[in-house]
Amino acid sequence: MTELGPVAWPPEPIRTERLVLRESTARDRPAFIELLASPEVNTYLGGPRPRDELERELPGTPERWPGSFVVDLDGAMIGQILLRRATEHRRPAAAGKADLGYLFLPRAWGFGYAAEACAAALDWLDGVLPGEPVVLTTQTANVGSMRLAAKLGFTEVERFHAWGAEQWLGLRSPVTPAA
């Protein structure tokens, strides 16, 4: 995965009804460690990373690159939205397209924050890269992620077996700018 391409970064913070999508800061480091070390968060992502390894290796301001948004609720990080270019994707249908990923702390699950944040990030992408198709890959066993993909307008392109499980690849067709 690589950067999105010619987008100005960082954008102004993106505000939704309840959330702010923004660039990471040093104060987000503990939340990133919690996110990446969480067995619940990483159930369908190959498992958690060891906390002590994260403490040693994570930079002071983690995940600070174009397409990486911190999801902020009331001044605290609750998750991350990732938009990257799928240049080395295993599936030809995804190669070269923008790829949406997301991680949320378990305490933020079940409140619609992921749908709200992902929709805002996709709206931002539509504004900076009009006509860009977006892909999303998730395990079919991840029922919550499958529901979110459908809610965001992704439709199935294919299912495939990788990383020891059935995977689902969805595509969100490009939004055509109004004339």
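The shown structure was predicted, so the numbers you read here are calculated from the model rather than taken from an experiment.

Within the structure shown, the criterion is met by four aromatic pairs. Ring centres of Trp9 and Phe69 lie 5.0 Å apart, and the angle between their planes is 70 degrees; this geometry places the pair in the edge-to-face category. Note that Trp9 is positioned in the segment before strand S1 (14-15) and Phe69 in strand S3 (residues 68-73), a separation of 60 residues in sequence. In terms of burial, Trp9 and Phe69 fall into one category: buried.

Reading across from one edge, S1-S2-S3-S4-S5-S6-S8-S7 is the order of the eight strands in this open sheet, with mixed pairing throughout. One side of each edge strand has no neighbouring strand; the edge strands of this open sheet are S1 and strand S7 (155-162). The pairing of strand S5 (residues 98-104) with strand S6 (residues 134-139) spans two bridges and is parallel. Opposite Ala98, over in S6, you have Val134 as the bridge partner. Across the face of the sheet, helix H1 (residues 29-37) comes into contact with S3, strand S4 (76-85) and S5 while running at roughly 70 degrees to S4.

What follows covers the pattern of salt bridges. Applying the stated criterion across every chain yields a total of 15 salt bridges. The closest approach of N and O atoms between Arg29 and Glu55, which form a salt bridge, is 3.5 Å. Taken together, the residues span a long stretch of sequence, with Arg29 in helix H1 and Glu55 in helix H2 (residues 51-57) at a distance of 26 residues. Arg29 gets classed as buried once you look at its relative accessible area, which sits at 17%. Where salt bridges share partners, they join Arg22, Arg27, Asp28 and Asp72 into one cluster.

Right, let's talk about the pairing of S4 for a bit. S4 sits mainly inside the fold: eight of its ten residues count as buried. By the bridge criterion, six bridges tie S3 to S4 in an arrangement that is antiparallel. Bridge pairing in S4 places Val71 opposite Gly79. Counting the residues in the hairpin turn of S3 and S4 gives two residues, including Asp74, whose phi is positive at 55 degrees. Where S4 and S5 come together, seven bridges link them in antiparallel fashion. Residue pairing in the sheet places Gly79 in a bridge with Phe104 of S5.

Thresholds, definitions, all that
Residues numbered from 1 in each chain as written. Predicted model: local features only at pLDDT ≥ 70, side-chain atom pairs only at ≥ 80, totals over all residues. Heavy atoms only, no water. Phe/Tyr/Trp six-rings, centres within 6.5 Å; stacked < 30°, edge-to-face > 60°. Helix = DSSP H or I, 4+ residues; strand = E, 2+ residues; numbered from the N terminus. Buried < 20%, exposed > 50% of the residue type's maximum accessible area, 1.4 Å probe, protein only. Pairing = 2+ DSSP bridges. Contact = heavy atoms within 4.5 Å. Axes fitted to C-alpha atoms, helices over the stretch in contact; angles between N-to-C directions. Salt bridge = Lys/Arg side-chain N within 4 Å of Asp/Glu carboxyl O.

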